[in-house]
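Results of the structural survey
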Amino acid sequence: MYVRDAKNREEVWLLDHIEAMGLDETTFRSRDYVIALDESTNEKAGFGRIRLHKTSDSDERTPGGQGPGSEICELTSIGVLDGWRRQGVGAHVVERLIEMAGDDGFERVYALTEQPTYLAQFGFRTIDIERLPAVLQQRLETKRENLAPDATPVVIDVDRFVMPDRLRERFKTASEQPETEDTTETAEDFGIDPDAATYKYDTS
């Protein structure tokens, strides 16, 4: 398995799966996404996105939040296809996106998620709404109204990202599994140790 940048020709595939999973497609651009693939079959297993928000001159500057041109970096729209869950796919999509943010000069990455426990295992921490950059405060309000009523803001310092060993090992041997009649999602579907947490992850 590996994770790479999305290609323009994968736009329709991404939009189809984003819609099917009920994720956020606001200001969609395929170049903002990465895709996890099986290197032996070239089957797509999951995807995710970094969304950049420009700040206005009146915005209070959040230390470490901005990249070039005073931008805020948000992690969003992480999706793992049926048959690929419980294998660390989502975790490695997150890892690749955090690496990209760091390479682009961002010291912090934010996310607005209904299930912050999933991201906590990588080093994300909950943040008070008042400490969010103004552009993300507005985004959170809109997201709660239209998509994720319980969305919680979280943030990570890029250099503090940690990949749990169990997820790295699962990803090395990941393979598509046959679907079963039971489609109930469990904590392990999203890379969470069920003995430590019971939440699913949806960045929408």
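Okay, so let's go over this structure.

Basis of the calculations
Residues numbered from 1 in each chain as written. Predicted model: local features only at pLDDT ≥ 70, side-chain atom pairs only at ≥ 80, totals over all residues. Heavy atoms only, no water. Helix = DSSP H or I, 4+ residues; strand = E, 2+ residues; numbered from the N terminus. Contact = heavy atoms within 4.5 Å. Areas by Shrake-Rupley, 256 points an atom, 1.4 Å probe, with all protein chains shown as cover. Pairing = 2+ DSSP bridges. Axes fitted to C-alpha atoms, helices over the stretch in contact; angles between N-to-C directions. Expected span 1.5 Å × (residues − 1). Salt bridge = Lys/Arg side-chain N within 4 Å of Asp/Glu carboxyl O. Buried < 20%, exposed > 50% of the residue type's maximum accessible area, 1.4 Å probe, protein only. Right-handed = clockwise from strand over helix to strand, strands pointing away. Core = buried A, V, L, I, M, F, W, Y, C linked by side-chain atoms within 4.5 Å.

If you tally the helices and strands in the protein chain, you get five helices and seven strands. Counting helices and strands in the order they occur from the N terminus, the protein chain gives β-α-β-β-β-α-β-α-β-α-β-α. Restricting the contact set of the protein chain to residue pairs at least 6 apart, pairs at least 24 apart contribute 75%. Here the protein chain has roughly 10,300 Å² of accessible surface; of this, 42% comes from carbon and sulfur atoms.

The subject of this paragraph is the sheet that holds strand β3 (residues 44-54). Sheets are built from strands paired through backbone hydrogen bonds, the pairs being either parallel or antiparallel. In spatial order, the strands read β1-β2-β3-β4-β5-β7-β6; together these seven strands make up an open sheet with mixed pairing. Of all strands in the sheet, those with a lone pairing partner are β1 (2-5) and β6 (125-126), marking the two edges. Inspection of the sheet shows β1 paired to strand β2 (residues 33-37) by four bridges, in the antiparallel sense. If you follow Y2 over to β2, its bridge partner there is L37. On top of the sheet, helix α4 (residues 134-146) reaches β3, β4 (71-80), β5 (108-113) and β7 (152-157); it is set at about 30° to β4, its chief contact.

All right, on to α4 then. Its 13 residues place the ends of α4 19 Å apart at the C-alpha level, agreeing with the 18 Å of an ideal helix rising 1.5 Å per residue. Residues of α4 that are buried make contact with β3, β4, β5 and β7.

To continue, consider the pattern of salt bridges. Counted according to the given criterion, the structure contains 15 salt bridges. Of the charged contacts in the structure, one is a salt bridge between R96 and D5, with a shortest N-O distance of 3.6 Å. Residue R96 is located in helix α2 (residues 89-103), and its partner D5 is located in strand β1; the two are separated by 91 residues in the primary sequence.

Right, let's get into the pairing of β4. Summarising burial for β4: ten of the ten residues are buried, a large majority. Relative to β5, β4 is paired through two bridges, and the arrangement is parallel. Note on β5: the bridge partner recorded for L75 is A111. Taking the sense of rotation as the criterion, the β-α-β connection linking β4, α2 and β5 turns out right-handed.

Let us look at the nonpolar core. Counting residues in each nonpolar core, the largest one holds 45 residues, and the members touching the most others are L75 and F122. Top contributing element to this core by residue count: α2, with eight residues. If near-sequence neighbours (up to four positions away) are discounted, F122 is found in contact with A91, V94, I156, R160, F161, V162, M163, P164 and L167. In this structure, I127, L132, V135 and L140 belong to the second largest nonpolar core, which totals eleven residues.

So, on to unusual backbone geometry. A positive phi angle, near 45°, is found at T27, a position not held by glycine. For T27, a relative accessible area of 48% corresponds to the partly exposed category. Positive phi, normally seen in glycine, also occurs at S77, with a value near 55°. As for its placement among the helices and strands, S77 is situated in strand β4.

A few words now on the environment of A151. Counting through the fold element by element, A151 comes out in the loop between α4 and β7. Residue classification places A151 among the buried positions, given a relative accessible area of 1%. It is 4.6 Å that separates the C-alpha atoms of A151 and T113, two residues lying 38 residues apart in sequence. Sequence-distant contacts of A151, defined by excluding residues within four places in its chain, comprise L112, T113, E114, L140, K143 and R144.

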